[in-house]
Amino acid sequence: MATRTWIIVGVAALLLAVSIYYFTRPPAPPITLACPLQIEERAQHPGMAWIPAGTVTMGSDVYPEETSRSVALNGFWIDRTEVTNAEFEAFVKATNYVTVAERKGTKGAAVFVLPSGDADLSRAANWWRYVEGANWRHPAGPDTSIGGREQFPVVAITLEDAAAYAKWKGRRLPTEAEWEHAARAGASALPEREQPKNANTWQGVFPIIDTAEDGFTGIAPVGCFKPNAFGLHDMIGNVWEYTADTYENQTPPAHVIKGGSFLCAPNYCLRYRPAARQPQEDGLGTSHVGFRTVLDAAGPN
Ligand SMILES: [Ca+2]
């Protein structure tokens, strides 16, 4: 009898200890779903910044495709952040627009998938998968959603989808020169190879280990990093951004994307720079490309 009592007491004590641990354990670090952004509602064009006219000296010598050239530009307004899921959803609700990845005959989008440690790292196909059912509502495939991620940049959209959104807003996509002018923010000389601090990029060895020293593995909500001198967030890193410029000599046809993404690491991409450029196939949405829009209108009052 005494033994049985001790067993009951012992089990009760164990349950109590487990309960105390369960209810007092330190919380898991929260996933950041939004960052505070001050959008001045009474501004001339809320959520946009004015980029003054000027001559941008584009390009660098890091990669051969980044040919140096100078382009004179008029002033223009540009979104301070990448277009979010919430903004894109408002467009779809208002217009019943169907994105390319959701149309009949199209099955999905390209999705970054962390490869196994022994994968052949010379082949990008080891970390890019074409996923059926991936689209802007389900960016990593049918089992994923954008619920709670309203402030994340919209992805898995094509150039055509981005241009349709811009047109609905009475705007357009930036040219490559405009985008680079806005990203440089008046700086003529930039550190070219150093990994940027105020941007969502990849720390560690791509594509195996991302130590997330910048606070994020994968995409971050818009506006979590300090703006550049023109007041623009995430021009570098987070997601690549579409431009209106055709990328030369591409089959199938492609447009220039700019800015690099959360996948850019010192050992692999080095494209977290205003001069960096890459082709993106026109009809293919991917999980690391988004966009922002430009407005042609008179400058600040
Ligand atoms: Ca990161």
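Heads up: the structure comes first, above all this text.
Scoring rules and cut-offs
Residues numbered from 1 in each chain as written. Predicted model: local features only at pLDDT ≥ 70, side-chain atom pairs only at ≥ 80, totals over all residues. Helix = DSSP H or I, 4+ residues; strand = E, 2+ residues; numbered from the N terminus. Contact = placed C-beta atoms within 7 Å. Pairing = 2+ DSSP bridges. Buried ≥ 20, exposed ≤ 12 C-beta atoms within 10 Å, placed from the backbone. Arc of directions from axis to C-beta. Axes fitted to C-alpha atoms, helices over the stretch in contact; angles between N-to-C directions. Core = buried A, V, L, I, M, F, W, Y, C linked by C-beta atoms within 7 Å.

Some words on the overall build of the protein chain
Link 1 in the chain: Along the protein chain, the regular secondary structure elements total four helices and 11 strands.
Link 2 in the chain: When contacts within the protein chain are restricted to residue pairs at least 6 apart in sequence, long-range pairs at least 24 apart make up 71% of them.

Side note on the sheet that holds strand β1 (residues 48–51)
Link 1 in the chain: The strand order β1-β4-β11 describes an open sheet built from three strands, whose pairing is antiparallel. A single partner strand is all that each edge strand has here, and the edge strands are β1 and β11 (294–295).
Link 2 in the chain: Strand direction decides the pairing type here: β1 and strand β4 (residues 76–79), joined by four bridges, are antiparallel. From the neighbouring strand, Ile51 faces β4, where its bridge partner is Phe76.

What to know about unusual backbone geometry
Link 1 in the chain: At the junction of Phe206 and Pro207, the peptide bond is cis and its omega measures out at -5° in the coordinates.
Link 2 in the chain: Mapped onto the elements of the fold, Pro207 is located in the loop between α4 (176–184) and β7 (240–246).
Link 3 in the chain: Omega for the peptide link from Thr251 to Pro252 comes to -5°, which places this bond in the cis form.
Link 4 in the chain: Positionally, Pro252 belongs in the loop between β7 and β8 (254–258).

Here we look at helix α3 (residues 159–168)
Link 1 in the chain: Residues Leu159, Asp161, Ala162, Tyr165 and Ala166 constitute the buried set of α3. Buried positions in α3, seen along its axis, are confined to an arc of 165° and lie on one side of it.
Link 2 in the chain: On the buried face of α3, the contacting elements are α2 (85–95), β7 and β8.
Link 3 in the chain: Of the residues trailing α3, Gly170 is marked for its positive phi of about 75°.

Quick word on the sheet that holds strand β10 (residues 289–290)
Link 1 in the chain: Across the sheet, four strands lie side by side as β9-β8-β7-β10; this open sheet has mixed pairing. Each edge of the open sheet carries a strand with a single partner, namely β9 (277–281) and β10.
Link 2 in the chain: Relative to β8, β7 is paired through three bridges, and the arrangement is antiparallel. Counted as the bridge partner of Tyr242 is Ile257 from β8.
Link 3 in the chain: On the sheet, α4 packs against β7, β8 and β9 and is oriented at approximately 5° with respect to β8.

Focus on the nonpolar core
Link 1 in the chain: In this structure, Ile78, Ala109, Val155, Ala156, Ala162, Ala182 and Tyr242 are the most contacted members of the largest nonpolar core, which totals 52 residues.
Link 2 in the chain: Among the elements of the structure, β1, β4, β5 (108–112), α3, α4, β7 and β8 are those that each provide at least two residues to this core.
Link 3 in the chain: At four residues, the largest contribution of residues to this core is made by α3.
Link 4 in the chain: If sequence neighbours within four positions are ignored, Ala182 has contacts with Ile51, Ile78, Phe230, Leu232 and Met235.

Quick notes on α4
Link 1 in the chain: For α4, the buried fraction is high: eight of the nine residues fall into the buried class.
Link 2 in the chain: Those residues of α4 not exposed but buried are Glu176, Glu178, Trp179, Glu180, His181, Ala182, Ala183 and Arg184.
Link 3 in the chain: One or two positions beyond α4, positive phi appears at Ala185, with a value near 50°.

Observations regarding the pairing of β8
Link 1 in the chain: Within β8, four of the five residues are buried, which leaves the element mostly enclosed by the surrounding structure.
Link 2 in the chain: Pairing geometry for β8 and β9, over five bridges, is antiparallel. Its bridge partner lying in β9, Lys258 is registered against Arg277.

Looking at the environment of Glu180
Link 1 in the chain: Here Glu180 is to be found in helix α4.
Link 2 in the chain: It is 6.9 Å that separates the C-alpha atoms of Glu180 and Met58, two residues lying 122 residues apart in sequence.
Link 3 in the chain: In contact with Glu180, other than residues within four places in its own chain, are Val56, Met58, Lys258, Pro274 and Ala275.

Observations regarding the environment of Val92
Link 1 in the chain: Counting through the fold element by element, Val92 comes out in helix α2.
Link 2 in the chain: What makes Val92 partly exposed here is the crowd of 19 C-beta atoms within 10 Å.
Link 3 in the chain: For the pair formed by Val92 and Tyr165, sequence separation is 73 residues and the distance between their alpha carbons is 8.5 Å.

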